[in-house]
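So the chains spell out like this:
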Amino acid sequence: MRSLVPKGSSRSMTCLCLTHSLTQTHSHNLLATTFSSSLYNSNNRNPLFQLFSGILRPRIRAFSTDFRSAPTPTASSSAFAQSMANFDADSVTYLKQRDAAEIDETLMGPLGFSVDQLMELAGLSVATSISEVYKPSEYSRVLTICGPGNNGGDGLVAARHLHHFGYKPFVCYPKRTPKPLYAGLVTQLEALSIPFFSVEELPSDLSNGFDVVIDAMFGFSFHGSPRPPFDDLIQRLVSLHNNNNQIGQKRSVIVSVDIPSGWHVEEGDVDGTGIKPDMLVSLTAPKLGAKKFGGPHHFLGGRFVPPAIAEKYKLILPPYPGTSMCVRIGKPPRIDISALRENYISPEFLEEQVEADPFNQFHKWFNDALAAGLKEPNAMSLSTVGKDGKPSSRMVLLKGLDKEGFVWYTNYESQKARELSENPRASLLFYWDGLNRQVRVEGPVQKVSDEESEQYFHSRPRGSQIGAIVSKQSTVVPGRHVLYQEYKELEEKYSDGLIPKPKNWGGYRLTPQLFEFWQGQKSRLHDRLQYTPHEINGQRLWKVDRLAP
């Protein structure tokens, strides 16, 4: 295997991952202390500041790389979407090995970062990247293979976070580092009862025991040929990819930290025989060799790059969404829609366990959705059919529920209202993804009383009341500015008084004649229990039948 240090380089590379440096000199610590109170004071006359001003003082350029302009944790999701829409994914900066090492030295020198701080950020970035793609419901068993340096430390931190994220982590750490930082990480994992495996205890085919394998063996500063036992472990990861076409076997996915172990830092997988990870989590900034990464998921982690570093090295990196510690690099992979599937894992939903009254069963499931913190658990798809026989569906919000039925509110001149006047029957569908549940309700529909509509209308926020007047629902408008203008005029008109309910606005109530409760199960053997009404001795009861999935 080729050396991973570029030819002609006499620089000693001491970093293993996330541009960490194990070399912190007394002068570095002195610089960090000196700079802590005067880092961005442009009038500073401190000679140390002047010495490093080329690194630490941002300069203004036509294209700003000042990350302080990126969306903050309080920015809206629409702001981030707009930021990403304006970001050119092809312009992302890829670092040479020398630049990565220099950034490392600056972070851990005048900028005051410590090894354990960077390692914590790196491991958290890896764990959050994994959780973005590989959900614990299907990829719960995660093996982290850790090398002796900082890349291995990142893996140990990632294992701890994955445990708290709901995964079942395992660790293989064959060459333990005796330094207190690493010993402390091991102690933390042992306190969580996370199993440690020796190389000999691992199955020869890692797919037999694990859903995800994290390659945290060697980072961007490693050079030379991997020695035992890491040479064998790398070959096991190579074999995982080669066995991908075996029918009926789900192979482990491979996640590499910063650089796939054994790759050349700048030239990538030189001879094409190295690890082929499914996910690469680059740290700080992607390394040049990552351009050769051909897997479907490339993420960036390590959310700490200050504007001075970005400016000096002309780093162009994507903005991080909200409070996330990771961001996808490049475009999402092309997905074979026919291959998208979820193997649901849920408790059994049995006839003897359900409520005799479907309204009570609905309340039970609805309360579960509320307790699970699902977004808008009262959102439901309303399907209607007009006299032309063409069905139409849209999402509305449930705003009332009693023994008479399900209530929602809308404009009485909308398309759904028009179709309900022509065919006063409808179907409702609730879908609670986090619980693998859905409920269908069918039955006749009629308007609620004016008094009920009036009461609900005035319980709404004033903005929603004005919006109901502005919106001539389902009609064509020349532009959004028209809506804004009318809203502003009505806001001024009703600034001091009661807002009248429009005559063409009110509620509908669907009276159920059928309920179906669906709960996802493995291998598509879903539970479907249907309630239909029937009379016994003049009393209206509900019959429960199990339907084929």
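Residues numbered from 1 in each chain as written. Predicted model: local features only at pLDDT ≥ 70, side-chain atom pairs only at ≥ 80, totals over all residues. Heavy atoms only, no water.

Identification of the protein as NAD(P)H-hydrate epimerase from Glycine max is taken from an unreviewed UniProt entry. Reading the Sequence similarities (unreviewed entry) entry of the UniProt record for the protein gives the comment "Belongs to the NnrE/AIBP family." (UniProt positions renumbered as here; feature names shortened; annotations may be inferred.)

J.: Outline the packing of helix α6 (residues 115-133) against helix α7 (residues 150-164), listing residues and values.
T.: Taken N-terminus to C-terminus, the directions of α6 and α7 make an angle of 55°; their axes are 7 Å apart at the nearest point. One finds that α6 runs oblique with respect to α7. Crossing hand, α6 versus α7: right-handed. Listed contacts from α7 to Val115, Met119, Glu120, Ala122, Gly123, Leu124, Val126, Ala127 and Ile130 of α6 are Asn150, Gly153, Asp154, Val157, Ala158, Arg160, His161 and Leu162. (Axes fitted to C-alpha atoms, helices over the stretch in contact; angles between N-to-C directions. Helix = DSSP H or I, 4+ residues; strand = E, 2+ residues; numbered from the N terminus. Parallel < 35°, antiparallel > 145°, perpendicular 65-115°, else oblique. Left-handed = near helix turned anticlockwise from the far one by under 90°. Contact = heavy atoms within 4.5 Å.)

J.: Which residues make up the sheet that holds strand β3 (residues 196-197), and what are the values?
T.: Strand pairing in a sheet takes place through backbone hydrogen bonds and is either antiparallel or parallel in direction. Within the open sheet, the 8 strands sit side by side as β3-β2-β1-β4-β5-β6-β7-β8. Their pairing is mixed. The strands lining the two open edges of the sheet, one partner per strand, are β3 and β8 (326-328). Examined bridge by bridge, strand β1 (residues 141-146) and strand β2 (residues 168-172) share 5 bridges and lie parallel to one another. Opposite Arg141, over in β2, you have Lys168 as the bridge partner. The sheet strands contacting α6 are β4 (212-216), β5 (253-257), β6 (279-283), β7 (297-301) and β8, and the helix crosses β6 at an angle near 150°. (Pairing = 2+ DSSP bridges.)

J.: Hey, could you go over the layout of surface pockets for me, with residue numbers and the actual values?
T.: A water-sized probe, rolled over the atoms, reveals where empty space remains. Considering only enclosed or pocket space, the largest pocket measures out at about 1,200 Å³ in volume. Forming the walls of the largest pocket are 34 residues, and the residues nearest its centre are Tyr134, Tyr139, Val253, Pro296 and His297. For the lining of the largest pocket, the residue count by class is 13 nonpolar, 7 polar and 14 charged. (1 Å grid on protein atoms, 1.4 Å probe; cavity = no way out; pocket = protein on both sides within 12 Å on 5 of 7 lines; lining within 4 Å. Points joined across faces, edges and corners; volume = space filled by probe spheres on them. Nonpolar A, V, L, I, M, F, W, Y, C, P; charged D, E, K, R; others polar.)

J.: Give me the lowdown on unusual backbone geometry, citing residues and values where you can.
T.: Note the cis peptide between Pro228 and Pro229, where omega equals 0°. When you line up the elements, Pro229 lands in the loop between β4 and α9 (230-242). Although it is not a glycine, Asp258 adopts a positive phi angle of roughly 70°. Secondary-structure assignment places Asp258 in the loop between β5 and β6. Here Glu376, not a glycine, exhibits a phi torsion of approximately 45°, which is positive. Within the fold, Glu376 resides in the loop between α11 (358-371) and β9 (379-385). Given a relative accessible area of 44%, Glu376 falls into the partly exposed group. (Buried < 20%, exposed > 50% of the residue type's maximum accessible area, 1.4 Å probe, protein only.)

J.: Mind laying out the nonpolar core, listing which residues take part and the relevant values?
T.: Core analysis: the biggest nonpolar cluster contains 41 residues, and Ile103, Leu156, Val171, Tyr173, Ile309 and Leu315 have the highest contact counts within it. Going through the elements one at a time, α5 (97-108), α6, α7, α8 (180-191) and α10 (307-312) are the ones with two or more residues in this core. Of all hydrophobic cores here, the second largest spans 30 residues; its members include Phe366, Trp432, Val439 and Val445. (Core = buried A, V, L, I, M, F, W, Y, C linked by side-chain atoms within 4.5 Å.)

J.: Which residues make up a nonpolar patch on the surface, and what are the values?
T.: Taken together, the side chains of Ile335, Ile337 and Leu340 make up a nonpolar region of the molecular surface, amounting to roughly 340 Å² of accessible area. Within the secondary structure, Leu340 sits in the loop between β8 and α11. (Patch = residues over 30% accessible without salt bridge, like charges linked within 9 Å, V, L, I, M, F, W, Y side chains within 5 Å. Areas by Shrake-Rupley, 256 points an atom, 1.4 Å probe, with all protein chains shown as cover. Salt bridge = Lys/Arg side-chain N within 4 Å of Asp/Glu carboxyl O.)

J.: Talk me through the pairing of β7; I want residue IDs and the actual numbers.
T.: The element β7 is extensively covered by neighbouring structure, given that 5 of its 5 residues are classed as buried. Residues His297, Phe299 and Gly301 line one face of β7 and the alternating positions His298 and Leu300 line the opposite face, and both faces are buried. Sheet topology places β6 next to β7; 5 bridges connect them, and they run parallel. Among the inter-strand pairings, Leu283 is bridged to a residue of β7, identified as Gly301. Here 3 bridges tie β7 to β8, and the two strands are oriented antiparallel to one another. Within the sheet, the bridge partner assigned to Leu300 lies in β8 and is Val327.

J.: How would you explain the packing of aromatic side chains if you had to name every residue and give the values?
T.: The tally for this structure, following the rule as stated, stands at 29 aromatic pairs. Ring geometry for Phe113 and Phe304: centres 5.5 Å apart, planes at 50°, overall tilted. In this pair, Phe113 sits in the loop between α5 and α6 while Phe304 sits in the loop between β7 and α10, placing the two residues 191 residues apart along the sequence. There is no split in this pair, since Phe113 and Phe304 are both buried. Taken together, a centroid distance of 5.6 Å and an interplanar angle of 80° make the contact between Phe515 and Trp542 edge-to-face. (Phe/Tyr/Trp six-rings, centres within 6.5 Å; stacked < 30°, edge-to-face > 60°.)

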